[in-house]
Amino acid sequence: MMLPCNQKNKEAIFLMTFAQDFFIGAATAAHQVEGNNIHSDYWAQEHMTHTDFLEPSGDAVDHYNRYPEDIRLMADAGMNAYRFSIEWARIEPEEGHFDETEISHYRDVIHTCRENGIEPIVTLLHFTSPRWLITKGGWESDETPGYFARYVRFVMERLGSELRYVCTINEANMGIQVAAIAERYRKQMMARMQSGQTDGTVQMGLNLEKMMANQEAAAKERMEIFGVPKTECFTSPRTPHGDEIVMEAHKAARAAIREAAPHIQVGLTLSLHDIQALPGGEEQAAKEWADEFTHYLPAIADDDFLGIQNYTRTRMDASGSLPVPEGAELTQMDYEFYPQALEHVIRKAAEDFKGTLIVTENGIATSDDTRRAAFIETALSGVSACIADKIPVKGYFYWSLLDNFEWQKGYSMTFGLVSVDRTSQTRTPKPSLALLGRYAER
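Small disclaimer: the values here were computed from a predicted structure and weren't measured. (Residues numbered from 1 in each chain as written. Predicted model: local features only at pLDDT ≥ 70, side-chain atom pairs only at ≥ 80, totals over all residues. Heavy atoms only, no water.)

1. Looking at the nonpolar core
Within the largest apolar cluster, 107 residues are counted, with the highest numbers of intra-cluster contacts made by Leu124, Phe148, Val155, Ile346, Leu380, Val383 and Tyr396. Ranked by the residues each element gives to this core, the list is headed by helix H7 (residues 144–159), at eight residues. In this view, Tyr396 contacts Phe22, Phe23, Ile24, Gly25, Leu342, Val359, Asn362, Ile376, Ala379, Leu380, Val383 and Leu436; residues no more than four positions away in its chain are not counted. With 16 residues, the next largest nonpolar core counts Ala29, Tyr311, Ile358 and Met413 among its residues. (Core = buried A, V, L, I, M, F, W, Y, C linked by side-chain atoms within 4.5 Å. Buried < 20%, exposed > 50% of the residue type's maximum accessible area, 1.4 Å probe, protein only. Helix = DSSP H or I, 4+ residues; strand = E, 2+ residues; numbered from the N terminus. Contact = heavy atoms within 4.5 Å.)

2. Side note on the packing of helix H5 (residues 100–115) against H7
Where H5 meets H7, the axes come as close as 11 Å, and the angle between the chain directions of the two elements is 50°. Classed by the angle they form, the pair H5 and H7 counts as oblique. For H5 against H7, the interelement crossing comes out right-handed. In contact with Glu100, Ile103, Tyr106, Arg107 and Ile110 of H5, H7 contributes Phe154, Val155, Arg158 and Leu159. (Axes fitted to C-alpha atoms, helices over the stretch in contact; angles between N-to-C directions. Parallel < 35°, antiparallel > 145°, perpendicular 65-115°, else oblique. Left-handed = near helix turned anticlockwise from the far one by under 90°.)

3. Quick word on the pattern of salt bridges
Applying the stated criterion across every chain yields a total of 25 salt bridges. Here Glu92 ties to Arg150 by a salt bridge, and the two come within 2.7 Å at their closest N and O atoms. Here Glu92, found in the loop between helix H4 (88–91) and H5, pairs with Arg150, found in helix H7; they are 58 residues apart in sequence, far enough to count as distant. Residue classification places Glu92 among the buried positions, given a relative accessible area of 0%. For Arg150, a relative accessible area of 29% corresponds to the partly exposed category. A salt bridge links Asp304 to Arg258; the shortest N-O distance between them is 3.1 Å. (Salt bridge = Lys/Arg side-chain N within 4 Å of Asp/Glu carboxyl O.)

4. Quick look at the sheet that holds strand E11 (residues 320–321)
One open sheet holds the three strands; their spatial order is E8-E10-E11, and the pairing between them is mixed. For this open sheet the edge positions go to strand E8 (274–277) and E11, each flanked by a neighbour on one side alone. Pairing geometry for strand E10 (residues 313–317) and E11, over two bridges, is antiparallel. Within E11, the residue paired with Asp317 across the bridge is Gly320. (Pairing = 2+ DSSP bridges.)

5. Quick notes on the sheet that holds strand E12 (residues 356–361)
Strand order in the closed barrel made by the eight strands is E1-E2-E3-E4-E7-E9-E12-E13, with parallel pairing throughout. Ignoring which end each strand starts from, the neighbouring axes of this sheet average 25° apart. The pairing of strand E1 (residues 23–27) with strand E13 (residues 393–399) spans five bridges and is parallel. Bridging across to E13, Ala27 finds its partner in Trp399.

6. Examining the pairing of strand E2 (residues 81–85)
With respect to burial, E2 is a largely interior element, five of its five residues being buried. Relative to E2, E1 is paired through three bridges, and the arrangement is parallel. If you follow Ala27 over to E2, its bridge partner there is Arg83. As paired elements, E2 and strand E3 (residues 119–123) share five bridges and run parallel to each other. For Ala81, the partnering residue across the bridge sits in E3 and is Glu119.

7. A word on unusual backbone geometry
In the segment running from Trp399 into Ser400, the intervening peptide bond is cis, with an omega of 10°. Take Ser400: it is sitting in the loop between E13 and strand E14 (418–421). Although it is not a glycine, Asn36 sits at a positive phi angle of roughly 55°. Among the structural elements, Asn36 can be located in the loop between helix H1 (30–33) and helix H2 (41–46). In this structure, Lys390 is a non-glycine residue whose phi angle is positive, near 70°.

Below is the structure:
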């Protein structure tokens, strides 16, 4: 339902009302906000001499210590839910050694959420893994599902009674997407090399000769750090067998959760694009959607919910994916500003997945908070339309609560509803924080 807008008041906005039990909140990932995740594979890679990271994560935004303040910011804005991740590398810093102090920390985070009227939605793996896992073959090893299930069981036996919703794995399809991007870049590099342009750059200013030299040096350095020349991290380009391993890890974790805490609603999240077929691109688009979504259906058929994560669209013709339309508005990530994509993806996913849907991530990296507000309003309008059509959408989590560490891109991308001065770690809420909070019935 839309409330009337006072045209004389420039700050007036259209508000949709959602059911009282509909989740309105924000999301974070442990490594991106907590700081000093020293036992993780990402921390090790950030500090390599031949690193792909623009800068190390360091103290991040000190959410590990400042979570009470951050949770209060959400509550004061009116939000009723918070999606955050538990860091495996903190819980099991060495193989088989579990840290009860870290479990107590996350128990405190959950309690702080409850005290502020915030529903805690936990993710058990958000990209980062313990460094020791990578030394044992990482996410291409058949042993990894067992290691992951052991960690999940440990967490659930201690925290499961205090949770209602758990995501096992964040963006379980990310490695396949990275592999596809890597293959496209490889073909572009080969084409340039064959044409004699060996000292040129490919797309994002990558020098081919330096890149090839760095690959050899980085392999030697990885051998020194991890004991393997190729690090199979969760976000590394994934083989089809690695994709199967991730699904086995999800199923093993789901079984462990249901054994330890059968009341919990369990699922995973997927990175999904709004894949739009132009004339002649129907076959390519169907294949892309199968790779990104439908081939996972057998593994997630018994899940209670599916977490949908969407940021933009992908247009395809007979040749494959197309560049962003000329003149389109771009975000800091060079994504097309296209909040309508979320509604399209929800509708498409609901055709095949019949359980509950939760928008676990949706957002925009921009320095202009008015564009963030516009993005949120359009995205939520699409969610509301889906609910009106009886699609079972349970919640919406904006990415991200805080401006934070955007992986290889460092701190250059500002997704947050709250800005952070990393010198003083001072939080400054943006107007979009209050705007999103107004959508929650409290």
